[in-house]
Amino acid sequence: MEDQFWHKGLRKKLVTSLESKGITDINILHALYALPRHYFMEKAFEEMAYEDKAFPIENGQTISQPYTVAYQTQLLGIKKRDKVLEIGTGSGYQAAILGLLGARVYTIERHRILHLNAKRLLQKMGLKGIRFYHKDGYQGLAEFAPFDKIIVTAAADEVPQKLLDQLAIGGHLVIPVGQGTQTMMRITKKTGGELVTEKFDKFKFVPFVNGIEN
Ligand code: SAH
């Protein structure tokens, strides 16, 4: 796309502010610098694309705040070729960041329109290695399990057992859990299947909802 170098100055400022908030992974900072976030937003909000804020997208959903995207991605500890399941494609921005980091991404969205829009945009941008599914994220994608990393980008009341079942040994599941505000949790599956849970900062996500919408 011809305007992908627009707003590089604004992206640089955004990345510097994320660095000062504790995002230290250089590959993640580079990915956020490289990816034009305004592509993922509605016209009305494009001007504000490089503010560190969440914004509305279709179907009453949101594109996550860049800090939140960077934070969750950092907790995942992505390595090239990692097989990553994302629940909640939304705008496709988080999936694109994972793709830029060299992950093999499987992303699930319950709203058909969002699923189709994200798929179309990322294909138009020429981003490879991302597969899109219009499905219920509570079910995960058993046919492609196990996943090295699983990221949930909607607020869960509890950690879905099916997602834990689809996590590889040594893998991480990063998920915001709680009502109202959520605690970011990272669950690691150790050798032998033992689960270790770590708790991080508080965030506010749109809800993780059962079933799909057409
Ligand atoms: N990762 C997104 C954030 C989108 S907000 C981005 O970068 O823009 C969370 C998304 O999760 C919403 O689009 C919502 O529709 C979706 N979602 C909620 N419950 C879901 C479920 N059960 N299965 C799949 N997607 C779900």
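All values reported here derive from a predicted model rather than from experimental measurement.

**As for the site of the ligand**
So, step 1. As a structural note, the neighbourhood of the ligand is formed by 26 residues, with Gly88, Ser91, Glu109, Gly137 and Val209 the closest of them.
So, step 2. Threonine 153 is positioned such that a nitrogen or oxygen atom in its side chain is 3.1 Å from a nitrogen atom of the ligand.
So, step 3. Separating a nitrogen atom of the ligand from a backbone N or O atom of valine 209 is a distance of 2.6 Å.
So, step 4. A total of 580 Å² of accessible area belongs to the ligand in isolation, and the protein chains cover 99% of it.
So, step 5. At the level of elements, strand S2 (62-63), helix H4 (93-100) and strand S4 (104-109) are the ones that each hand at least two residues to the shell around the ligand.
So, step 6. Of the residues belonging to the shell around the ligand, the class tally is 10 nonpolar, 11 polar and five charged.

**Structural notes on the pattern of salt bridges**
So, step 1. This model, assessed by the stated rule, comprises six salt bridges.
So, step 2. Note that arginine 110 and glutamate 213 form a salt bridge whose closest N and O atoms lie 3.3 Å from each other. One end of the pair, arginine 110, is in the loop between S4 and helix H5 (112-124); the other, glutamate 213, is in the segment after strand S9 (195-203), with 103 residues separating them in the sequence.

**Regarding the packing of helix H3 (residues 66-76) against H4**
So, step 1. Here H3 crosses H4 at 40°, and the two axes come no closer than 11 Å. By the angle between their axes, H3 is oblique relative to H4. Both H3 and H4 take part in a crossing whose hand is right-handed. Listed contacts from H4 to Val69, Gln72, Thr73 and Leu76 of H3 are Tyr93, Gln94, Ile97 and Leu98.
So, step 2. Class assignment of the residues belonging to the contact of H3 with H4 gives a composition of five nonpolar, three polar and no charged.

Cut-offs and rules
Residues numbered from 1 in each chain as written. Predicted model: local features only at pLDDT ≥ 70, side-chain atom pairs only at ≥ 80, totals over all residues. Heavy atoms only, no water. Near = heavy atom within 4 Å. Polar contact = N/O pair within 3.5 Å; in protein donor to acceptor, adjacent residues only side chain to side chain. Areas by Shrake-Rupley, 256 points an atom, 1.4 Å probe, with all protein chains shown as cover. Helix = DSSP H or I, 4+ residues; strand = E, 2+ residues; numbered from the N terminus. Nonpolar A, V, L, I, M, F, W, Y, C, P; charged D, E, K, R; others polar. Salt bridge = Lys/Arg side-chain N within 4 Å of Asp/Glu carboxyl O. Axes fitted to C-alpha atoms, helices over the stretch in contact; angles between N-to-C directions. Parallel < 35°, antiparallel > 145°, perpendicular 65-115°, else oblique. Left-handed = near helix turned anticlockwise from the far one by under 90°. Contact = heavy atoms within 4.5 Å.

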